[in-house]
Amino acid sequence: MEAIRTSNLTKYYGKSRGIEGIDLEVSQGDFFGFIGPNGAGKSTTIRSLLGLISPTSGEGYIYGLDIRGDREEILARTGYLPSEAVFYRGMKVKDILKLSASLRKKDCREAASVLCRRLQLDEERKVDELSFGNRKKAAIVCALQHEPELLILDEPTSGLDPLMQKEFFEILKERNKAGAAVFLSSHVLSEIQRNCTRAAIIREGKIIACGSVDELSKTSTRRVTVHGSVNLEGLEGIRDRTDTPGLSSFLYSGDMNLLLKALARGRISDISISEPDLEEVFMHYYEEDRK
Amino acid sequence: MTLVKHELKQGKLSLIIWTGSIGLLLAVCIFLFPEMKGQMEDVSNVFSSMGSFTDAFGMDRLNFGTLTGFYAIECGNVLGLGGAFFASLCAAGILSKEERERTAEFLLSHPVSRVRMITEKLISVFVQITAMNLAVYAISAACITFVGEDIPWKELNLLHSAYYLLQIELMGICFGISAFMRRGSAGAGLGIAAMMYFLNLVANITESAEFLKYLTPFGYCEGADIITDGSLDGGKIVIGMAAGAAGILAGYVKYTRKDIQ
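These numbers were taken from a predicted model, which means no experiment stands behind them. (Residues numbered from 1 in each chain as written. Chains lettered and ligands numbered in written order. Predicted model: local features only at pLDDT ≥ 70, side-chain atom pairs only at ≥ 80, totals over all residues. Heavy atoms only, no water.)

A tally of helices and strands in chain A yields 10 helices and 14 strands. Along the three orthogonal principal directions, the C-alpha set of chain A runs to about 70 × 40 × 35 Å. When each of the 291 residues of chain A is scored for burial, the buried share is 50%. Sequence separation of at least 24 residues holds for 69% of the intrachain contacts in chain A that already meet a minimum separation of 6. Accessible area for chain A stands at about 13500 Å²; split by element, carbon and sulfur atoms hold 46% of it. (Helix = DSSP H or I, 4+ residues; strand = E, 2+ residues; numbered from the N terminus. Buried < 20%, exposed > 50% of the residue type's maximum accessible area, 1.4 Å probe, protein only. Contact = heavy atoms within 4.5 Å. Areas by Shrake-Rupley, 256 points an atom, 1.4 Å probe, with all protein chains shown as cover.)

So this is what it looks like as structure tokens:
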């Protein structure tokens, strides 16, 4: 059974577009990345899945449970990390963690203590005094301490320093290995590429590509870096070009034969033709979709 | 009852401040009574001949020289207005604060149904209002005993019951409003309480506006009527409780369908 399945999920805020016809399938055990720039509809999709907002149309299921009617059961099996962690003023971290656990009718003290230690979070501190990053850590512990089957994480690493990001992804990988599904939204493509097995790209409320991260990276576009001098005039399909004396780098999606002919006419000391990284693929999908 | 406990903890300071302030003002009024008692005959005559002002506060039908008359007007206004403001503020903020302070996402991403959340929040407001009223009632009774007066139990119970019901009605109305608002709920709550108070003053002054007494909960809290009749006006109370219940129902209907921001 899929951890998440949506079919034609649509949300309008009055006349404004939120998301349109979102079809997603996230299997149990997936480490799924949800990529898109700000305002693309990532949070709207997540908030619809969690029942914070009602979809205008379409269907959504988490472990076969309807996102409209089975909200409580879904939330009992899910851990959610919001993009911005805000807590009740005046409370200590340990009180927030205790409140979260009691709302789930669980005793999570042991798991919370381990997570706080790994994330270097002081449970005695008041949430008002915490930096953005430390508030994020408290939210991470809230999302993970009850050991949910599905983790829904909205922009999870914003505010975390690189060491903490590393530790955080270690924890996520452990949970994923233990069987949990991870659904992670981000606009930091490198972190999706490093950590996720599958991903979907969302643009202006619509999914424009979905598949394994490897598949998504495999496009006909190539990053070409040429050391030497070459005349690329008249070649179509070149973009993102940077030229410095003796070096040209560009993304090429045109006819490969024409490129090779142009390169053969030049004076080249070194050349590399490689698959673009996910960030470049992301831009490729965006531009393809705009055409 | 996790949320009830949580809300009570969150509202503890506000409850202490409001209870302390209303209790202190009531105590001051009661402690003033023995000193003023001797001069009350003159004061009563003055107060009962001030035209519209006299009508507005029902001072033509109450004797300022007696503890019940004095208590119904002076302490009634303190408890009436103070209690109304407290109940309105408490209820108007209870749902809207989650979105205003952006904690709604934290709370509603837990397996708590919206109905349970609304119910527990409503219970917490009810408990706070009840606690404030019990404390103020005890303070009043203690102060009356302290100044050496006999406690007029019947009148005291009737007056305090009327003000308690007023607060419950306002709680219901403001609770409903809280479900619709994200910001400005405190202003709306205070505004409604103040408007209800002034509607009653208008109803007291103008005969043609007497129907307003059926719209405002202060209509069944009129000290002069309660002391004179020796009972509460059941008809007005039923209308008031229906208005409060309608507010609560509207709150449930709206909040269970609301998109949380």
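Resuming the write-up.
The next point concerns the interface of chain A and chain B. Chain A puts 26 residues into the contact, and the matching count from chain B is 24 residues. Summing both sides of the interface, chain A and chain B together bury roughly 2500 Å²; the carbon and sulfur share of this comes to 53%. Between the two partners, chain A and chain B, sit four salt bridges. Among the salt bridges present, the one from A:Arg89 reaches B:Glu101, with a minimum N-O distance of 3.2 Å. The interface formed by chain A and chain B contains 15 residue pairs in polar contact (both at pLDDT 80 or more). Looking at the side of chain A that touches chain B, the elements with two or more residues in it are helix H2 (71-76) and helix H3 (93-103) of chain A. Broken down by element, the residue count for the side of chain A that touches chain B peaks at five residues, all from H3(A). (Buried area = accessible area lost by both parts, 1.4 Å probe. Salt bridge = Lys/Arg side-chain N within 4 Å of Asp/Glu carboxyl O. Polar contact = N/O pair within 3.5 Å; in protein donor to acceptor, adjacent residues only side chain to side chain.)

Attention now moves to the packing of helix H5 (residues 67-94) of chain B against helix H9 (residues 153-180) of chain B. Residue and element names in this part refer to chain B. At a minimum axis separation of 8 Å, H5 and H9 run at an interaxial angle of 20°. The angle between the axes of H5 and H9 places the two elements in the roughly parallel class. Helix-helix and strand crossings are classified by hand; for H5 and H9 the assignment is right-handed. (Axes fitted to C-alpha atoms, helices over the stretch in contact; angles between N-to-C directions. Parallel < 35°, antiparallel > 145°, perpendicular 65-115°, else oblique. Left-handed = near helix turned anticlockwise from the far one by under 90°.)

Now for the domain arrangement of chain A. A common measure of how large an interface is: the accessible area buried when the components associate. According to the domain assignment, chain A contains domain 1 (2-212) and domain 2 (222-275). Placing a centre on the C-alpha atoms of domain 1 of chain A and another on those of domain 2 of chain A gives a separation of 42 Å. (Domains from an automatic or database assignment.)

The subject of this paragraph is the sheet that holds strand E1 (residues 2-13) of chain A. Residues and elements named next belong to chain A. With antiparallel pairing, the four strands of this open sheet are ordered in space as E2-E1-E4-E5. Every interior strand has two partners, whereas the edge strands, strand E2 (16-27) and strand E5 (65-66), have only one. Both E1 and strand E4 (residues 57-62) contribute to a ladder of five bridges, which runs antiparallel. Bridge pairing in E4 links isoleucine 4 to isoleucine 62. (Pairing = 2+ DSSP bridges.)

Attention now moves to a positive patch on the surface. Where like charges cluster on the molecular surface, the positive patch consists of A:Lys98, B:Lys5, B:Lys9 and B:Lys12. Locating B:Lys5 in the fold gives a position in helix H1 (residues 2-10). (Patch = residues over 30% accessible without salt bridge, like charges linked within 9 Å, V, L, I, M, F, W, Y side chains within 5 Å. Lys, Arg positive; Asp, Glu negative; His and termini not counted. Charge placed at Lys NZ, Arg CZ, Asp CG, Glu CD.)

Residue and element names in this part refer to chain A. Positive phi values are uncommon outside glycine, yet tyrosine 63 reaches one of about 50°. Unusually for a residue other than glycine, lysine 105 sits at a positive phi of about 55°. Note that lysine 105 resides in the loop between H3 and helix H4 (109-119).

Residues and elements named next belong to chain A. Sheet topology places E1 next to E2; eight bridges connect them, and they run antiparallel. Note that in E2 the partner of isoleucine 4 across the bridge is valine 26. Counted between consecutive antiparallel strands, the loop separating E1 from E2 contains two residues, among which glycine 14 sits at a positive phi close to 65°.

This brings us to the side chain of A:Lys137. Residues and elements named next belong to chain A. Turning to its location among the elements, lysine 137 is positioned in helix H5 (residues 132-144). Side-chain polar atoms of lysine 137 contact the side chain of asparagine 134, separated by 3.1 Å. What lysine 137 contacts, discounting residues up to four positions off in sequence, is Leu119, Gln120, Leu121, Leu160 and Met164.

This paragraph deals with the packing of aromatic side chains. Evaluated as defined, the whole model comprises 12 aromatic pairs over all chains. Seen from their ring centres, A:Phe87 and B:Phe106 are 5.5 Å apart, and the 80° between their planes marks the pair as edge-to-face. Taken together, the positions of A:Phe87 in the loop between strand E6 (78-81) and H3 and B:Phe106 in helix H7 (residues 104-108) put the pair across two chains. A relative accessible area of 9% means that A:Phe87 is categorised as buried. Where A:Tyr88 meets B:Phe106, the ring centres are 6.0 Å apart and the plane angle is 80°; that geometry is what we call edge-to-face. Placement of A:Tyr88 in the loop between E6 and H3 and of B:Phe106 in helix H7 is noted, with the two residues assigned to different chains. You can call A:Tyr88 buried: its relative accessible area is 3%. The exposure class assigned to B:Phe106 is buried, which follows from its relative accessible area of 7%. (Phe/Tyr/Trp six-rings, centres within 6.5 Å; stacked < 30°, edge-to-face > 60°.)

Another aspect to go through is empty space enclosed by the protein. Considering all chains together, one arrives at four cavities of 30 Å³ or more under this definition. When its volume is computed, the second largest cavity comes out at roughly 130 Å³. Along the walls of the second largest cavity sit 16 residues, with A:Tyr80, A:Pro82, A:Cys142, B:Phe106 and B:Ser109 positioned nearest its centre. Of all the secondary-structure elements, those providing two or more residues to the lining of the second largest cavity are H5 of chain A together with H7 of chain B. With three residues, the single largest contributor to the lining of the second largest cavity is H5(A). For the lining of the second largest cavity, the residue count by class is nine nonpolar, three polar and four charged. (1 Å grid on protein atoms, 1.4 Å probe; cavity = no way out; pocket = protein on both sides within 12 Å on 5 of 7 lines; lining within 4 Å. Points joined across faces, edges and corners; volume = space filled by probe spheres on them. Nonpolar A, V, L, I, M, F, W, Y, C, P; charged D, E, K, R; others polar.)

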